[in-house]
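# Tertiary structure, described
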Amino acid sequence: LKCRFGLVAEAALQLSGAVMANPEIVPLEVGWTCLKEGGIDVLEAFLDHGTIRDTIKQHEDPAKPRKVFSMEEYSILYTKVYNMCSQRQPNNFSEPLYKRYGEAIEAYVKRAVLPALEGKTEVALLKELALRWQNHQIYVKWMERFFQYLDRFYVRLHSLPALRPKGISIFHDTVFEVVKKDTRAALLSVLNQEREGHSIDRELVKQVVTMFIDLGLDNITAVYEKEFEEYLLPDTAAYFRRQAEGWLASDSFPEYLRKAEQALQLEENRVNAYLSNTTLSKLKNEVTSALLTVPQQRLLEKDTAVKYLLDNDKRDDLARMHKLFKEVPNGFTPIAAAFRQYVETRGTAIAAEQKAIIEAHAKDKTAAENTFIQTMLDLHDRFKSVVNESFSQDSLFQKALKDAFEVFINAELGGRYSPAYLMCAFCDRLLKKTGDKLGYDDVEIRLTKMVELFSFLTDKDLFAEIYRNQLSKRLLQETSASEDHEKSMIQKLKLKCGAQFTSKLEGMLNDLSIAGEFSKDFNKHVEELGDGRGPVGNIDFTFTVLTTGYWPSYTVVELNLPPQMTKALSTFQTFYNGRTSHRRLAVVHSLGTVHIMAQFKKTHEFIVSTFQAVCILPFQGDEKYTFGSLRELTGIEEATLKKVLTTLSTLKYKVLLKDGDPKVVGTEDTFEVNVDFSCPQRRVKIPQHTAAEETHNKERVEEDRSIAIEAAIVRIMKARKTLPHQQLVAEVLSQLAFFKPSPKVIKQRIEHLIEREYLERDPNQQSTYRYLA
């Protein structure tokens, strides 16, 4: 068309030049008659009857639009308008031509279009209207070409509507305003028919909808939104509200969601097929409101709702639920609450079952420790996968899962089996040589899951204390399966709780990492002293220096060591004091291990504690010692000595013989070497009399908590100066990351700080505190 118009314009200019050279004036009526008979009447005949004159040569390709005018005819008509508009006044007919342009279009619309539409409704109306609109666009297009010169000068000069908008507005005012109500009703009826499953002419609907859009003249709100969309949206909402009532009565929750999803998809398809894209979000909002927002509570009350889906692990239906209610304002809130309640109920029931198992196997430590944490890990795996796969890792559902687990994972299970202890025991089995036999990657996976479960624990400080004790045993007794796993677990805890939480654990590993170099230096020192191993009593002597702040607090007990052990220890203390003058050594005999070579029917190597060693070593032949003499000889207090001698004389490995009751050690008993001792193993590890230390000291934990609470109170009050009681309690709880004290405990610490004059009560309001500098 650009090429054709270019040729036309050039021809028109050539003709206009010829006319300008000719001073002949074109009268208005003569010129208008020429335009009407040569152009307008021919165009109307084509639109009314499809008539095209035989003189007009058509394209060889039948698919191309048919020509109504030849190039020469068009040039003559354009030139006629040009001449009439470029003549000098009073013969410049631009204004009357502009007026007659509109009158001609309006006359044709009233004569041919309105009568054709009169009396028609439904699809018949849509078909006729689509045809008449198509014809009108052709009419306006050719008229715009004939009168193009008006657009270029007269319209711009006088700020009048351009020819095309004027032609469109005539159809709007003359035709559309008359039929818009029936047209809108027909469109809505056809849309609902398609929703009911009937086949419709989508192309026809698209043509009519496009007419609504085009009548707005680049302003979609002018006609389409005002005259169609504003009626479409409430009609759609009413339709789907009716559908929702029927589905609620007859369908299960999953089936209802499938129908809702399908309905939303079909509405989107309709918009893409024949509605404006601007309607999509509004239409989906109406459908979502009718099908999901309004009936949400009734839907969730169905027996086949959230609980049923979780019971039967319906992942696809859960994902569909999440996808659909994502579009509902606050739609996730009741679903997340139902999810949390379900998880909490399941977890609480499992915790109660595990408590019963623990009580039933109170004497079976392994059975008690094994079941609870593994069950919790499996439960968390299941619901975490639901959150990840079906709920798209939505933060609200992650929080619901966290809140639910925090309820039952912190439940008291009775006796010594606190959740913190069971978690530590689970980790201990994974990390010990004698624990569960798993591959490297399997251990890493379980440790990662364990830390996720740990994040729900309230008493994190208690976990840290127990874990530190168990780590110390693994490190000092050399029962740790892998240093890499130990470091990995500490790193995971560090990422979860921060460097302060793991600083002592890292310090313990660091002590052992430098012990090797320290031992080399000591051995070199012994060599420099000469006399071979003489300086250390001619025994193989190793040591581990523990930094007091990192390791658990051990009770230091004085023992009367054999001479060779005393000499070795004295040499090491001299060496160590020479290395540093800022640290004091304290020997923790309860952590010591001694390997004793013993000759019976065959040679055995006894692996015993230091306490057991000082009781065995006095027996070098057929000596006999009473309980009292052994107590005086070893320096061990009576109760402990009974336990030590019990392990040596009454249990599986009877290294010593005793008189009296064979099962109980008494203060009047006499002991001697069991010369008939025999054992198939060369290396014999004799059970120790007691664990080196309790898993944790409850009093110390409570004391540390009191200090942490008071420190938080002082920090807050120092910054805020004055605070009411409830606000102070809330801020203290927010600052304590590793445990959650009760408000009653916080109040006790506040009273304690008032007594120590860190705080005072406001004399005018007793529930408000003031900081004392």
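Definitions and cut-offs
- Residues numbered from 1 in each chain as written.
- Predicted model: local features only at pLDDT ≥ 70, side-chain atom pairs only at ≥ 80, totals over all residues.
- Heavy atoms only, no water.
- Core = buried A, V, L, I, M, F, W, Y, C linked by side-chain atoms within 4.5 Å.
- Buried < 20%, exposed > 50% of the residue type's maximum accessible area, 1.4 Å probe, protein only.
- Contact = heavy atoms within 4.5 Å.
- Pairing = 2+ DSSP bridges.
- Helix = DSSP H or I, 4+ residues; strand = E, 2+ residues; numbered from the N terminus.
- Axes fitted to C-alpha atoms, helices over the stretch in contact; angles between N-to-C directions.
- Phe/Tyr/Trp six-rings, centres within 6.5 Å; stacked < 30°, edge-to-face > 60°.
- Salt bridge = Lys/Arg side-chain N within 4 Å of Asp/Glu carboxyl O.

### Describing the nonpolar core
Among the nonpolar cores identified, the biggest contains 86 residues, and Leu291, Phe325, Phe339, Leu453 and Phe463 are the most heavily contacted of them. Leu291 has contacts with Phe240, Ala244, Trp247, Tyr256, Ala260, Ala263 and Leu299, leaving out every residue within four places of it along the chain.

### A short note on the sheet that holds strand S6 (residues 683-685)
Reading across from one edge, S1-S2-S6 is the order of the three strands in this open sheet, with mixed pairing throughout. Taken across any chain shown, the strands that pair with only one partner, and hence form the sheet edges, are strand S1 (593-599) and S6. If you compare each strand with its neighbour and ignore which way they point, the axes differ by 25 degrees on average. Pairing analysis gives seven bridges linking S1 to strand S2 (residues 603-609), with the strands arranged antiparallel. Within S2, the position partnered with Ala598 by the bridge is His604.

### Details of the sheet that holds strand S7 (residues 722-724)
Taken together, three strands build an open sheet; the order of strands is S7-S9-S8 and the sheet is antiparallel. Of all strands in the sheet, those bounded by a partner on one side alone are S7 and strand S8 (759-762). Each neighbouring strand pair of the sheet contributes to a mean axis angle of 35 degrees, computed without reference to strand direction. Against the sheet, helix H28 (residues 725-735) makes contact with S7 and strand S9 (765-771), and its axis sits at roughly 95 degrees relative to S7, the strand it touches most. Contacts from helix H29 (residues 743-755) reach S8 and S9, with the element oriented near 100 degrees to S8.

### Some points on the packing of aromatic side chains
Scanning the model with the defined rule gives 43 aromatic pairs in all. A centroid spacing of 6.3 Å and a plane angle of 45 degrees characterise the contact between Trp32 and Phe147, whose relative ring orientation is tilted. A residue pair is termed long-range when its members are at least 10 positions apart, and Trp32 in helix H2 (residues 28-49) and Phe147 in the loop between helix H5 (122-146) and helix H6 (148-158) qualify at 115 residues. In this structure, Trp32 and Phe147 share a single accessibility class: buried. A ring pair is formed by Tyr74 and Tyr78, whose centres lie 6.4 Å apart and whose planes are at 45 degrees; its orientation type is tilted. Here Tyr78 and Tyr74 lie together in helix H3 (residues 71-86), a separation of four residues that amounts to about one turn. When sorted by exposure, Tyr74 lands in the same class as Tyr78, which is buried.

### Some words on the pattern of salt bridges
The tally for this structure, following the rule as stated, stands at 52 salt bridges. With a shortest N-O distance of 3.2 Å, Glu255 and Arg258 are connected by a salt bridge. Here Glu255 pairs with Arg258, and both are found in helix H10 (residues 253-274), just three residues apart, close to one helical turn. The exposure class of Glu255 is partly exposed, given its relative accessible area of 29%. Residue Arg258 is classed as partly exposed on the basis of its relative accessible area, which comes to 33%. In this structure, the salt-bridge partner of Arg315 is Asp313, at a minimum N-O distance of 2.6 Å. Look at Asp313 and you get partly exposed, because its relative accessible area is 37%. One network of salt bridges, with partners in common, ties together Glu255, Arg258, Glu261, Asp317, Arg320 and Lys323.

### Remarks on unusual backbone geometry
With the exception of glycine, the majority of residues adopt a negative phi angle, and the majority of peptide bonds are in the trans configuration. The omega torsion across Gln89 and Pro90 is 15 degrees, close enough to zero to call that bond cis. Considering the arrangement of structural elements, one finds Pro90 in the loop between H3 and helix H4 (94-117). Phi angles above zero are rare outside glycine, and Glu122 is one such case at about 50 degrees. When you line up the elements, Glu122 lands in helix H5. Glu122 gets classed as partly exposed once you look at its relative accessible area, which sits at 38%. Non-glycine residue Lys721 carries a positive phi angle of around 70 degrees. By the secondary structure assignment, Lys721 is in the loop between helix H27 (698-720) and S7. According to the relative accessible area criterion, Lys721 is partly exposed, its value standing at 46%.

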